[in-house]
Amino acid sequence: MTAPDSTMAQISRRMLSAKAEQFTESVIREMTRLAMKHGAVNLSQGFPDFAAPEEIKEAARKAIADDINQYAITWGAKPLRDAVVEKFERTQGVKYDPEREITICCGSTEAMMSAMMAIINPGDEIVVFEPFYENYGPDAILSGATPRFVKLRTPDWSFDEKELTAAFGPHTKAIILNTPNNPTGKVFTRTELEFIRDLCVRWNAYCVTDEIYEHILYDGAEHISMACIEGMRDRTIVINGLSKTYSVTGWRVGWVLAPPGPTQPIRKVHDFLTVGAAAPLQQAGASALHFPRSYYDKLAATYAGKRERLLKILTSAGFTVFKPRGAYYIMTGISRFDLAHLARSGSETDDVAFAKYLVEKVGVAVVPGSSFYNDASDGASQVRFTFCKKEETLAAAEERLAKLHA
Ligand code: GLN
């Protein structure tokens, strides 16, 4: 005999994780699936649609041919650990021990999750700037941290020092920083970092800093890692990876730099989650980290051109644009559009209805602003575009978005 529907529902709810029930599937990844379904130009998920550098692809082919095909050491292949440490010292001037202070993970996504699971206890709070990269929400839920949100405010995405100060307290375990920032393009200044440092020291908190866009900077903006702010070396957990700097988002190679204390549990969490990142790709990554300075200059210059291009397209299509100083996204305001006629289901906010309209009717995929806020209504008048795309892709978006304005 089969159980009645209500019993089935009850049983299945009890059989599933209450934690996993608290968050939805990634809206960013979902928008890519919708773009494919509707044949839309994909300016939603931040992955390059152009070729990765020839040298890094060749290095990966060679690593496989050389039979680097079995497990690497769980916390990372020695050549990559050495290369990450060498590059961090070269660019940020801070030394790490490749034997005790680094963990190579499956992308910075796993790096962040492993770091959070390694430091959070029940009752711990984390401070998160908002808007925030959507992964930090589920990171908090799965690790058991309670987030305290602090607003970054348009047009320059500055924060209120009093609001930040009030978010820290005796339960604060860490602040999550992302600089250059996704989705806002904010690059935190030394003065801001020092203000955050003082709060971390006062409340004995870590700074977990996601620096994946470190080389994508505009208008003379400088990336400063929290690890090199005086007094922060030993309370900072740096997250980074190959994805954005070397245009290989599908390789899933990232890392955590942290003092030996947190590195020990981070390595254990990482080991039992994934054992390790792809061995031949770690090998190839090690060679990429030795690219000369000119590689990074060219990367930033290329993205600067794409930023100008998309800013122009969006401005003439009627969006309010917030010019990024780093990373490869543009947050926009949509309040100049007449949204009254959009079809909505349930309690859908403006940004979601507008993004649906854009992908289905206009043929351009974006990320609704609400994906970057705890309270969906805070992002209801924003959508995010990415410009890490080929000229043809941007040109196709231009053509389609022009129709929107008409
Ligand atoms: N960081 C990229 C974004 O924000 C892609 C993230 C992902 O889908 N893993 O779009």
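Presented here is an overview of the structure given in this document. (Residues numbered from 1 in each chain as written. Predicted model: local features only at pLDDT ≥ 70, side-chain atom pairs only at ≥ 80, totals over all residues. Heavy atoms only, no water.)

### What about the site of the ligand?
Here is step 1 of the chain: Contacts to the ligand come from I28, R29, Q45, G46, Y133, N182, Y213, K244, Y329 and R384.
Here is step 2 of the chain: The side chain of Y133 places a nitrogen or oxygen atom 3.5 Å from a nitrogen atom of the ligand.
Here is step 3 of the chain: Within the side chain of Y213, an N or O atom sits 3.3 Å from a nitrogen atom of the ligand.
Here is step 4 of the chain: Calculation on the ligand without its partners gives an accessible area of 290 Å², and the protein chains cover 88% of this total. (Near = heavy atom within 4 Å. Polar contact = N/O pair within 3.5 Å; in protein donor to acceptor, adjacent residues only side chain to side chain. Areas by Shrake-Rupley, 256 points an atom, 1.4 Å probe, with all protein chains shown as cover.)

### Let's talk about unusual backbone geometry
Here is step 1 of the chain: A cis geometry characterises the amide bond from T154 onward to P155, with omega recorded as 5°.
Here is step 2 of the chain: Here P155 is to be found in the loop between β4 (146-151) and α8 (161-167).
Here is step 3 of the chain: With omega at -10°, the peptide bond leading from T179 into P180 counts as cis.
Here is step 4 of the chain: Along the polypeptide, P180 turns up in the loop between β5 (172-178) and α9 (190-202).
Here is step 5 of the chain: Backbone geometry at W157 places phi at a positive 60°, although glycine is not the residue there.
Here is step 6 of the chain: The phi torsion at R252 lies on the positive side, around 60°, for a residue other than glycine. (Helix = DSSP H or I, 4+ residues; strand = E, 2+ residues; numbered from the N terminus.)

### Structural notes on the environment of S371
Here is step 1 of the chain: As for its position among the elements, S371 is in the loop between β12 (367-368) and β13 (382-386).
Here is step 2 of the chain: Judged by its relative accessible area of 11%, S371 falls in the buried class.
Here is step 3 of the chain: It is 15 Å that separates the C-alpha atoms of S371 and T386, two residues lying 15 residues apart in sequence.
Here is step 4 of the chain: Filtering out sequence-adjacent residues up to four positions away, S371 remains in contact with V27, F132 and E134. (Buried < 20%, exposed > 50% of the residue type's maximum accessible area, 1.4 Å probe, protein only. Contact = heavy atoms within 4.5 Å.)

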